[in-house]
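Here is how the chains run, residue by residue.
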Amino acid sequence: MRILLTGGAGFIGSHFSDRLLAEGHQVVVYDNLLTGSLDNIAHLLDRRDFTFIEHDVSESIPVEGQFKAVLHFASPASPNPNSPFGYPQLPIQTLKVGAMGTFNTLRIARAHEARFLLTSTSEVYGDPLEHPQREDYWGNVDPVGLRSVYDEAKRFAEAITMAHHRKHDLDTRIARIFNTYGPRMRLDDGRVVPNFLCQALTNQPLTIYGDGSQTRSFCFIDDMVEGLYRLLMAEGDVHLPVNIGNPVEVSIAALAEIVGQVSGQAIQTQTLPDQRGPSDPQRRRPDISRAKAWLDWEPKVTLETGLRLTMDDFKARL
Ligand code: UDP
């Protein structure tokens with residue numbers, strides 16, 4: 001297939017490009033490099049089956065030729081208010097790429113009668129009051145909170161995707177991505193895995209925000225790519241959102257301990273006041289029954305193995 005992929009220079013998008021090319025597809029990436037990096041796709045730039053176009057997909061998208069699939073991955077994704085790459089620092093761009101970017105990519109999919117895949121997020125559940133989160137849970141989102149620029153943009157993105165499916169019979173798919181980590185993550189984006197790994201590798205104390213009892217469920221990038229690829233390729237009625245994430249839930253304090261074990265050094269931790277305020281979700285874990293049933297997919301890589309692989313990549317880049 002000839003595939004249009006937005007955000008293909010980002011962490012997940014670049015790994016997905018690798019997978020698409022390995023499966024024999026042709027890939028045209030649009031990315032404005034706001035949070036992505038050419039380093040992630042440098043190894044692909046000379047390939048004839050790969051094209052990179054530096055462009056902001058929130059503006060109109062000029063295309064040449066026909067596409068069989070349109071995949072919208074582009075968005076800032078870090079909630080860190082202190083990083084220049086966090087969506088709280090890029091509020092308008094985040095809203096635009098979730099809203100206009102989704103609309104623009106859907107229009108191309110419609111014009112080309114192409115399959116459409118949106119990467120949405122566990123953030124649509126906000127600070128969830130139901131646990132674990134199933135796709136039919138409607139969420140608990142503050143519409144004007146610090147995270148709202150991301151959460152509400154993705155909720156709009158899901159709504160307009162379903163509207164195109166229902167109104168225009170477009171073949172759409174929606175993946176709700178939970179916390180994902182692995183090689184190529186920005187070292188400086190402020191999320192907990194890159195922070196802890198960089199801190200462990202430079203002998204600094206691991207910064208735990210608040211009491212560390214808040215939980216997340218971390219999915220290694222290879223598992224994520226497999227889940228997304230299966231969703232893209234699935235036949236039949238797979239239009240409603242699908243959680244893609246690892247259901248193994250750990251507290252942030254426990255994650256610090258595991259990073260210590262993986263690094264093989266005695267690590268220190270430092271408790272910092274809660275940096276994120278009330279919108280920082282307390283618990284997050286996907287219910288992946290739907291992904292199991294529809295895609296025959298579940299994650300395979302343990303947190304220890306994934307962190308080891310990620311640490312090797314970070315060591316080489318620090
Ligand atoms: N966190 C932390 N120390 C850090 C970075 C993050 O304790 O150095 C916490 C953060 O407050 C949140 C959790 O780790 O509760 C996960 O944060 P992350 O930024 O990785 O992404 P999120 O899952 O919140 O989108």
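Our subject is the structure that appears above.
The structure contained in this document is the topic of the report that follows. Everything numeric here is computed off the predicted structure, so don't read it as measured data.

## A closer look at the sheet that holds strand E2 (residues 26–31)
Whether parallel or antiparallel, the strands of a sheet pair through hydrogen bonds between backbone atoms.
Argument step 1. Strand order in the open sheet formed by 7 strands is E3-E2-E1-E4-E5-E6-E11, with parallel pairing between adjacent strands. Of all strands in the sheet, those with a lone pairing partner are strand E3 (50–54) and strand E11 (242–244), marking the two edges. Put simply, the sheet's adjacent strands are angled 20° from each other on average, direction ignored.
Argument step 2. As paired elements, strand E1 (residues 2–6) and E2 share 5 bridges and run parallel to each other. When the bridges of E2 are listed, Leu5 appears paired with Val29.
Argument step 3. Running over the sheet, helix H2 (residues 91–112) touches E1, strand E4 (69–72), strand E5 (115–121) and strand E6 (172–177) and is turned about 175° from E4.
Argument step 4. Sitting on the sheet, helix H5 (residues 221–233) is in contact with E4, E5, E6 and E11, with an inclination near 165° to E6.

## Re the packing of helix H4 (residues 192–201) against helix H8 (residues 303–317)
Argument step 1. Between H4 and H8, the shortest axis-to-axis distance is 10 Å and the interhelical angle comes to 65°. Taken as a pair, H4 and H8 cross one another with a handedness that is right-handed. The segment H4 lies against H8, with Val193, Pro194, Leu197, Cys198, Ala200 and Leu201 engaging Leu307, Thr310, Met311, Phe314 and Lys315.
Argument step 2. The class makeup of the residues in the contact of H4 with H8 is 9 nonpolar, 1 polar and 1 charged.

## Remarks on the layout of surface pockets
To locate leftover empty space, one rolls a probe as large as a water molecule over the atoms.
Argument step 1. In this structure, the second largest pocket occupies an estimated 300 Å³ of space.
Argument step 2. Considering the residues around the second largest pocket, the lining is formed by 15 residues, among which Glu135, Trp138, Glu158, Arg176 and Pro241 are closest to the centre.

## Quick notes on the pattern of salt bridges
Between side chains of opposite charge, a pair can form when the charged atoms approach closely.
Argument step 1. Under the criterion given, the structure shown has 22 salt bridges.
Argument step 2. Linking Asp280 and Arg147 is a salt bridge whose minimum nitrogen-to-oxygen distance equals 3.4 Å. Of this pair, Asp280 sits in the loop between strand E13 (269–272) and helix H7 (289–295) while Arg147 is found in the loop between E5 and helix H3 (148–168), placing the two residues 133 residues apart along the sequence.
Argument step 3. Taking relative accessible area as the criterion, Asp280 reaches 8% and is therefore assigned buried.
Argument step 4. Among the residues examined, Arg147 registers a relative accessible area of 5% and is labelled buried.
Argument step 5. Between Arg186 and Asp188 there is a salt bridge whose closest N-O contact spans 3.0 Å.

## Observations regarding the nonpolar core
Argument step 1. Ranked by internal contacts, the top residues of the largest apolar core, which has 57 residues, are Phe16, Leu71, Leu255, Val259 and Leu307.
Argument step 2. No other element matches H5, which puts 7 residues into this core.
Argument step 3. Ranked by size, the runner-up nonpolar core spans 20 residues in total, among them Val28, Val70, Val97 and Leu170.

## Focus on the site of the ligand
Argument step 1. The environment of the ligand is formed by 18 residues, the closest being Arg147, Asn179, Thr207, Arg216 and Asp280.
Argument step 2. Between the ligand and Thr207 there is a distance of 2.6 Å, counted from a nitrogen atom to a backbone nitrogen or oxygen.
Argument step 3. Between the ligand and Arg216, the relevant distance is 2.6 Å, taken from an oxygen atom to a side-chain nitrogen or oxygen of the residue.
Argument step 4. Expressed as a share of its isolated accessible area of 520 Å², the protein-covered part of the ligand is 97%.
Argument step 5. Sorting the residues of the shell around the ligand by element identifies H4 and strand E8 (206–209) as the ones contributing at least two each.
Argument step 6. Its residues placed into classes, the shell around the ligand shows 6 nonpolar, 5 polar and 7 charged.

## Thoughts on H2
In an α-helix, one turn spans 3.6 residues; hence positions three or four apart end up facing the same way.
Argument step 1. The first and last C-alpha atoms of H2 sit 31 Å apart over 22 residues, in line with the 32 Å expected at 1.5 Å per residue.
Argument step 2. Of all the bends in H2, the greatest measures close to 35° and is centred on Val97.
Argument step 3. Within H2, burial applies to Thr94, Val97, Gly98, Gly101, Thr102, Asn104, Thr105, Leu106, Ile108, Ala109 and His112.
Argument step 4. Looking at the buried residues of H2, the elements they touch are E1, E4, E5, H3 and E6.
Argument step 5. Immediately downstream of H2, the backbone of Glu113 shows phi near 50°, a positive value.

## A closer look at the packing of aromatic side chains
Argument step 1. Per the counting criterion, the structure on display carries 7 aromatic pairs.
Argument step 2. Ring plane angle 40° and centroid distance 6.1 Å describe the contact between Tyr125 and Phe178, whose orientation is recorded as tilted. Of this pair, Tyr125 sits in the loop between E5 and H3 while Phe178 is found in the loop between E6 and strand E7 (180–181), placing the two residues 53 residues apart along the sequence.
Argument step 3. Aromatic side chains Tyr181 and Phe218 sit 6.5 Å apart centroid to centroid with 80° between the ring planes, which places their arrangement in the edge-to-face category. Of the two residues, Tyr181 is situated in strand E7 and Phe218 in the loop between strand E9 (215–217) and strand E10 (219–220); the sequence distance between them amounts to 37 residues.
Argument step 4. Accessibility expressed as a relative area gives 0% for Tyr181, which makes it buried.

Parameters at a glance
- Here the residue index of a chain counts from 1 through its sequence in written order.
- Where local features are concerned, this predicted model is filtered to residues with pLDDT of at least 70; where side-chain atom pairs are given and counted, the filter is 80 or more; whole-chain, interface and lining totals use all residues.
- Processing note: side-chain calculations cover all non-hydrogen atoms of the structure and skip hydrogens and water entirely.
- What makes two strands pair is DSSP finding at least two bridges between them.
- A run of H or I in DSSP becomes a helix once it reaches four residues, and a run of E becomes a strand once it reaches two; helices and strands are each numbered from the N terminus.
- Convention adopted: a line fitted to C-alpha atoms gives each axis, helices being fitted over their contacting stretch, and angles between N-to-C directions are expressed from 0 to 180 degrees.
- Residue contacts are counted whenever heavy atoms from the two residues lie within 4.5 Å of one another.
- Throughout, a crossing is termed right-handed when the near helix is turned clockwise from the far one, and left-handed when it is turned anticlockwise from it by less than a right angle.
- Following the grouping adopted for this structure description, the nonpolar residues are Ala, Val, Leu, Ile, Met, Phe, Trp, Tyr, Cys and Pro, the charged ones are Asp, Glu, Lys and Arg, and the polar ones are all others, Gly among them.
- Think of a 1 Å grid over just the protein atoms. A cavity is a set of points where a 1.4 Å probe fits yet cannot get out, a pocket is an open set with protein on both sides within 12 Å along at least five of seven lines, and lining residues have an atom within 4 Å of a point.
- Grid points are joined across faces, edges and corners, and a volume is the space filled by probe spheres set on the points.
- Salt bridge, as used here: a side-chain nitrogen of Lys or Arg that lies within 4 Å of a carboxyl oxygen of Asp or Glu.
- Exposure is judged per residue with a 1.4 Å probe applied to protein chains only, and the accessible area is read against the type maximum: over 50% gives exposed, under 20% gives buried, and values in between give partly exposed.
- Grouping buried Ala, Val, Leu, Ile, Met, Phe, Trp, Tyr and Cys residues that are joined through side-chain atoms within 4.5 Å yields what is termed a nonpolar core.
- Here a residue counts as near a molecule or strand whenever at least one of its heavy atoms sits within 4 Å of it.
- Counting of polar contacts relies on pairs of N or O atoms within 3.5 Å, with two restrictions inside protein: one atom must be capable of donating a hydrogen and the other of accepting it, and residues adjacent in sequence are counted only when both atoms are side-chain atoms.
- Each accessible area is a Shrake-Rupley result for a 1.4 Å probe, and residues are judged covered by the shown protein chains and nothing else.
- The span you would expect from a helix comes to 1.5 Å times its residue count less one.
- By definition, a residue's bend is the angle between the axes fitted to the seven residues ending there and the seven starting there.
- Centres within 6.5 Å make a pair out of two Phe, Tyr or Trp rings, where for Trp the six-membered ring is used; the pair is then stacked when the planes are under 30 degrees apart, edge-to-face when over 60, and tilted otherwise.

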